[in-house]
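Here is how the chains run, residue by residue.
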Amino acid sequence: MIFNEDTRVKIPATIQFLRLGYNYQSLKNADVDFNTKIFINRFKPALEKINKREFSFDEIKSILTDINNVIRNNDLGREFYYWIINPIDKVKLIDFDNIENNDFAVVDELPFNIQEGSQEGSFRPDINILINGMPLAFLEVKKPNNEGGIQKEFDRMIKKRLKNSDYKKFFNLIQFVSFSNNMEYEEENDDIEDIKAGSFYTTPNGNNTSFSFFREDDIKYLVDYKYKDISKDTIKYVMKDCGYNPKEADTSEFSENLKIDTPCNSFVTSVFDKERFLYFLKYGIMFINEKVPQKHIMRYPQFFATRKIIERLESGGKGGIIWHTQGSGKTALTAFSNRVIRDYYAKKGINTRFFFVVDRLDLLRQASIEFSNRGLSVNICKDKKEFTSELNKTLSTNITSESRGEICVVNIQKFEGEIPEAKNDYNTKVQRIFFIDEAHRSYSSTGEFFKNLMICDTDGVYIALTGTPLLSKKERSNLKFGDYIHKYFYDKSIADGYTLRIKKENIDTVARKEIKKNLEIEEHQLEDKDVYESDSYVKALGEFIEKDFDNFRLQNNDPSIGGMIVCRSNLQARKVHEWFKQNSKLNTGLVITDIDDPKQAKINKNNQLDFRNTLTPDILIVNYMLTTGYDVKRLKKMYLLRGPHAQSLLQTISRVNRPYKSPCGKTYKYGYIVDFVDIEKEYDRTIEAYIKELEADMNENGENEGSLNGLIVDKEDINKKYHKYVNDLEDIISIDNLERFSKQLINLNKDTLLKIRRLLNGIKECYTEFILSRAMDYVEQIDYDKVKKLLRTTQERINFINLATNTVNMMDVISNEEIVEILYEFIKTKITIMNLGEIAENNPKLQRFFDVVREIQNEIKNNKNKDDIKIKKLDELLQKIFNDFSISDLENIDEITDELLEALKEARNINYENERLSKIYGGNYSFVKTYQDAIITYSVDKDEIERALVLIYGAIKDVLDKEIIIVQGRKNFVDSVKSKVTKLLLKEKLYSKIKSFYEALLNELYSNLQLFK
């Protein structure tokens, strides 16, 4: 029984695709264009079906050349993507209107190779998704509890694949990338240091690529899905094509992993259902025009929200509320929805006009920039006249050839006074859609703004966006704008990594006394307004914040993080800003509303943009401005000098909850607020009100959609985490004595070692958080140096296990120095048996041992075909040697070295034989691989196979470097070779020897010629 990644995850997931109606494509009978990796055997007939015409091979070659040229652009695949979704004057590549008019297929282990004559320098995704023969997506799978978890795959994707300039064109072609280790997502309160388990997706976005969860919104969708039955014969065919005995499909273990509802298989259904996948392709990808251009993909809440909007419209509804927590991307959701809604009405012959309504000038400016960056043509309505003009237009007039749509951005103040009802003088079919931003503010149901907004177009669609709806009896949001269309809350947002928990740091007793001590006023006056604007208070406050913020940057070793001081009044804000100007090296930027100072508006704008786009100012000083709607990732610490209420409190503290990875590589897990006013009671009251709203709504629709608990944590919560880490660690291993700890590690399996490493990293993180909270009594609990030593010792043991269980792969990817270090650190754990002096690195016996290891590693790195059966046997031999080494007492180090010398001899023989064969075939490695596979697969003398391949090579060597082989296709290639070689084989009396597998041999050669071109 084979029990590995392929049989546990890859092959079952491949079968799941077949259940969704995909076809299985084998590499053994495929015509693959080398430059684009497009499967010509599927591409040509699919294009003919979509475009309702025949294409000659010359035309197909021309189209492939055009695609290759386009994907070589330095544009993240923008031009190719727009070709896919809107071909205009180009051939149509996908039929989005008729899903079943397209060809859906999957192929396993497709090599994206860039070096001719070698598979080196290639990557091979486990499952590749072909739409009309084009590899537009892939799914990488790992077995459950794989080392490093799914995060290891993320790192490999970003650090190795996306950074490799040779792969750039392939990732301009590939639109959708996904990963799964066939595990459920970890519970949000597991407190892991990195994502380890689950299924994730993204679109290639260079170094800025991030990975999204996909949580199915509609549980009935998976339960009621109409899967296609797949025969046992088909399953066994796939198993065999993947290189395994078909009988593996009969094992109970394989049957268990073949279930439709495993985590990976459920993910495949949710994401790669034909209709959903084409929806992602057409509507879910957006290019962002920033200083560093980016490519984004819909987050799953946006995916479901856009579809729920259409459901609401289809049922006759005219709007409602989308309740998505702060930081979940509501502006992006509006931009994605623009295209979805526009196409929905276009199919009905109705024009659409889009309006985005804000309630502040700074939000108007910010939203306009965001929409423009996303490719929308933006009309800013500066006054009532301009708004009325836009309102009465029935057609968009500002869309350029580069635009992805149009939207009018208008301030709610433009609804003040009488506004004429929208006109339609020419009886044109038009539907106006209003997105109301931050719908918890400025929309009093008895106020003029709300009334004018709702009556300016009585047939309009009104979609309200909020992260914190109004819940008072008088001003409930859902009584004004309608029922909830879609909801997405803090708990999921934090678990999904879109927002962070907020760590609250109260002003401790010592700090309070320090501030009060510096005040030149009486104690009983501390609550008076004059106190907080006094020079003494401002001085004490400034000194505290300066020291605290400098320490915050120092502890995180990160000068890029910024802060915000939320003041009680404009006057206090001005005085705090002036204090920093006169007394501190920290640079502050003042952002306040001041109608008496016309220059302040320009200062506000410059400070906002500079704080977002540069590393200055260090700290923004505000009163009410920027406490909602201002999203800057580097804003990580807030000093809260006043106490906002209800939804305003959540809006304000959420300014610091955006995920941030600094230029120095630091990834933040919290946003931080220093609480001068004790917001805890107000926070608890607000959360309780929202929970009641959730429960009431859940009772109506029967769905439990999330919660709002756990947004804020403090040092006591961190302390609970710390003690849980310690208790869990001590349940596994004793950590009192480092020496005993090291010895105990030898007896633990790899999964346990990975858990120990995770827990130690958690303790390390708690230490840092205690330091940041100035909780020195808690800091003293942790011996930080000891934790680092325990971590290093654990990692050394993990490294050795990796080497002993996956020897060839490890030797192939790490350096000589790294492998020597792994082995030397392992040897040091055995010093109780050997004299310490005998294990010095310059010890002759050890030096001989290390020299042989280095030479073996060099031979492995030089080998071009790691799939060669002889390499696999070498791997087994080396694993046995290193496993014996792990249990030896090291006194027989020379014997182990002698065994390694035999392995070195075998490695050299393999490479020598490969080079000999390669020279016979003019250095073309496709013939070497064909030979190596054939001598295992077919019962015939290997010399006869070698001679036959020499004859074939001689007949076609003149065209090997030309594209004629690809253009002529597999069948024509096989027929052509037969016409040239069969007589030669008969003459050499070889034909009868290979007759039974002659055609199969040529088919395999054709496949290898594509792989090693």
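Source: prediction; values computed, not measured.

J.: Would you mind showing me how to read the overall build of the chain here?
T.: A count of helical and extended segments in the chain gives 40 helices and 25 strands. Every one of the 1013 residues in the chain was classed for burial, and the buried ones make up 57%. Partitioning the contacts of the chain with sequence separation of at least 6, the portion at a separation of at least 24 is 75%. Here the chain displays about 44300 Å² of accessible surface, and carbon together with sulfur accounts for 47% of that area.

J.: Would you take a moment to explain empty space enclosed by the protein for this structure?
T.: Unfilled space is identified by rolling a water-sized probe across the atoms. Applying the stated criterion across every chain, the model contains three cavities of 30 Å³ or more. Roughly 40 Å³ of volume is contained in the second largest cavity. For the second largest cavity, the full set of lining residues is Ile 2, Phe 3, Thr 7, Arg 8, Glu 248, Thr 251, Glu 253, Phe 254 and Asn 257. The element contributing the most residues to the lining of the second largest cavity is helix α9 (residues 252-257), with three residues. For the lining of the second largest cavity, the per-class residue count stands at three nonpolar, three polar and three charged.

J.: Got a minute to help me understand the nonpolar core in this structure?
T.: A general tendency of soluble globular proteins is for nonpolar side chains to be buried together. Within the largest apolar cluster, 131 residues are counted, with the highest numbers of intra-cluster contacts made by Phe 80 and Phe 272. Top contributing element to this core by residue count: helix α13 (residues 330-346), with eight residues. If we ignore the near neighbours within four places in the chain, the residues touching Phe 80 are Ile 67, Val 70, Ile 71, Leu 93, Met 134, Leu 136, Asn 172, Leu 173 and Gln 175. One finds Phe 552, Ile 619, Ile 735 and Phe 741 within the second-largest nonpolar core, a separate group that totals 60 residues.

J.: Please clarify how the sheet that holds strand β13 (residues 351-358) should be interpreted in this entry.
T.: Judged by pairing direction, the sheet is parallel, and its seven strands sit side by side in the order β14-β15-β13-β16-β17-β12-β18 without closing on themselves. In this open sheet, the two edge strands, each paired with only one partner strand, are β14 (376-381) and β18 (484-488). Neighbour to neighbour, the strand axes of the sheet diverge by 20° on average, direction disregarded. Two elements, β14 and strand β15 (residues 405-411), share six bridges in a ladder whose sense is parallel. Directly across from Asn 379, in β15, lies its bridge partner Cys 408. In the packing of α13 onto the sheet, the strands contacted are β12 (319-324), β13, β14, β15, β16 (430-436) and β17 (461-466), and the crossing angle to β13 comes to about 160°.

J.: Sorry if this is basic, but what is going on with the pairing of strand β5 (residues 127-131) here?
T.: Side chains on a regular strand alternate between the two faces of the sheet. Within β5, five of the five residues are buried, leaving the element largely enclosed by the surrounding structure. Of the two faces of β5, both are covered, the one formed by Ile 127, Ile 129 and Ile 131 as well as the one formed by Asn 128 and Leu 130. Bridging between strand β2 (residues 104-108) and β5 involves five bridges; their strand directions are antiparallel. Residue pairing in the sheet places Phe 104 in a bridge with Ile 131 of β5. Taking the residues between adjacent antiparallel strands as the criterion, β5 and strand β6 (residues 134-141) are bridged by two residues, where Asn 132 takes a positive phi near 55°.

J.: Is there a simple way to explain the environment of Ile 310 in this structure?
T.: Mapped onto the fold, Ile 310 is located in helix α12 (residues 300-314). Look past the residues within four positions of Ile 310 in its chain and what remains in contact with it is Val 340, Ile 341 and Tyr 344.

J.: What is the right way to read the packing of helix α28 (residues 750-772) against helix α30 (residues 784-805) from this model?
T.: Two numbers describe a pair of packed helices, the interaxial angle and the distance between the axes. Viewed as axis vectors pointing N to C, α28 and α30 meet at an angle of 155°, and their least axial separation amounts to 10 Å. As far as their axial angle goes, α30 and α28 are roughly antiparallel. The interaxial crossing formed by α28 with α30 has left-handed handedness. Between α28 and α30, the residues in contact are Lys 750, Leu 753, Leu 754, Ile 756, Arg 757, Leu 760, Asn 761, Ile 763, Lys 764 and Tyr 767 and Tyr 784, Val 787, Leu 790, Leu 791, Thr 794, Gln 795, Arg 797, Ile 798, Ile 801 and Asn 802, respectively.

J.: It is not clear to me how the sheet that holds strand β1 (residues 23-24) should be interpreted in this structure. Could you clarify?
T.: Sheet strands pair via backbone hydrogen bonds, and the direction of the pair is either parallel or antiparallel. Taking strand neighbours across the sheet as the criterion, the seven strands line up as β1-β2-β5-β6-β7-β8-β9 in an open arrangement whose pairing is mixed. Each edge of the sheet is formed by a strand with only one pairing partner; in this case those strands are β1 and β9 (212-213). Bridge analysis of β6 against strand β7 (residues 176-180) gives five bridges, and the strand direction is parallel. Paired with Phe 138 across the two strands is Val 177, which belongs to β7.

J.: Before we go on, may I ask you to explain the pattern of salt bridges in this structure?
T.: Opposite charge on two side chains permits pairing when their charged atoms draw close. The tally for this structure, following the rule as stated, stands at 49 salt bridges. Residue Glu 370 is joined to Arg 374 by a salt bridge in which the shortest nitrogen-to-oxygen separation is 2.7 Å. Through salt bridges with shared partners, one network takes in Asp 6, Lys 10, Glu 109 and Arg 124.

J.: Just to check I follow, could you spell out the pairing of β13 for this structure?
T.: By the criterion of burial, β13 is predominantly enclosed, with seven of the eight residues buried. In this structure, β13 lies alongside β16, joined through seven bridges in parallel fashion. When the sheet's bridge partners are listed, Thr 352 is paired in β16 with Gln 431. Where β13 and β15 come together, four bridges link them in parallel fashion.

J.: I keep staring at the packing of aromatic side chains and nothing clicks. Help me out?
T.: By convention here, two paired aromatic rings are described through the distance between centres and the angle between planes. This model, assessed by the stated rule, comprises 64 aromatic pairs. Ring centres of Tyr 82 and Phe 287 lie 5.7 Å apart, and the angle between their planes is 65°; on these two criteria the pair is classed as edge-to-face. Of this pair, Tyr 82 sits in helix α4 (residues 78-85) while Phe 287 sits in strand β10 (residues 285-288); the two residues are 205 residues apart in sequence, bridging distant segments of the chain. Each member of the pair Tyr 82 and Phe 287 is classed as buried. A cation over a ring is seen here: Lys 44 above Phe 57, with NZ or CZ 5.3 Å from the ring centre. Here the guanidinium or amino end of Arg 642 rests over the ring plane of Tyr 624, the centre of that ring lying 4.1 Å away.

J.: Could you clarify how one ought to interpret the side chain of Glu 944 in this entry?
T.: Tracing the backbone shows Glu 944 in helix α37 (residues 942-956). Among the residues examined, Glu 944 registers a relative accessible area of 16% and is labelled buried.

J.: Please clarify how unusual backbone geometry should be interpreted in this entry.
T.: Trans is the prevailing form of peptide bonds, just as negative phi is the prevailing case for residues other than glycine. Of the consecutive residues Thr 616 and Pro 617, the connecting peptide bond is found in the cis state with omega at -5°. Residue placement: Pro 617 occurs in the loop between α23 (598-613) and β22 (619-622). Positive phi is not limited to glycine here, since Asn 132 has a value of about 55°. Inspection of the secondary structure assignment puts Asn 132 in the loop between β5 and β6.

J.: Which parts of the structure should I look at to understand helix α26 (residues 715-730)?
T.: The periodicity of an α-helix, 3.6 residues per turn, causes residues three or four places apart in sequence to face the same way. Between the first and last C-alpha of α26 there are 23 Å, a value that for 16 residues agrees with the 22 Å anticipated at 1.5 Å per step. Here α26 starts with a cap whose side-chain oxygen sits 3.0 Å from the backbone nitrogen of Glu 716, and that cap is Asp 714.

J.: Whenever I open this one, the environment of Asn 858 confuses me. Can you help?
T.: Topologically, Asn 858 is positioned in helix α33 (residues 844-862). On a C-alpha basis, the gap between Asn 858 and Leu 904 in space is 9.8 Å, while along the polypeptide they are 46 residues apart.

Parameters and conventions
Residues numbered from 1 in each chain as written. Predicted model: local features only at pLDDT ≥ 70, side-chain atom pairs only at ≥ 80, totals over all residues. Heavy atoms only, no water. Helix = DSSP H or I, 4+ residues; strand = E, 2+ residues; numbered from the N terminus. Buried < 20%, exposed > 50% of the residue type's maximum accessible area, 1.4 Å probe, protein only. Contact = heavy atoms within 4.5 Å. Areas by Shrake-Rupley, 256 points an atom, 1.4 Å probe, with all protein chains shown as cover. 1 Å grid on protein atoms, 1.4 Å probe; cavity = no way out; pocket = protein on both sides within 12 Å on 5 of 7 lines; lining within 4 Å. Points joined across faces, edges and corners; volume = space filled by probe spheres on them. Nonpolar A, V, L, I, M, F, W, Y, C, P; charged D, E, K, R; others polar. Core = buried A, V, L, I, M, F, W, Y, C linked by side-chain atoms within 4.5 Å. Pairing = 2+ DSSP bridges. Axes fitted to C-alpha atoms, helices over the stretch in contact; angles between N-to-C directions. Parallel < 35°, antiparallel > 145°, perpendicular 65-115°, else oblique. Left-handed = near helix turned anticlockwise from the far one by under 90°. Salt bridge = Lys/Arg side-chain N within 4 Å of Asp/Glu carboxyl O. Phe/Tyr/Trp six-rings, centres within 6.5 Å; stacked < 30°, edge-to-face > 60°. Lys NZ or Arg CZ within 6 Å of the ring centre and 35° of its normal. Expected span 1.5 Å × (residues − 1). Polar contact = N/O pair within 3.5 Å; in protein donor to acceptor, adjacent residues only side chain to side chain.

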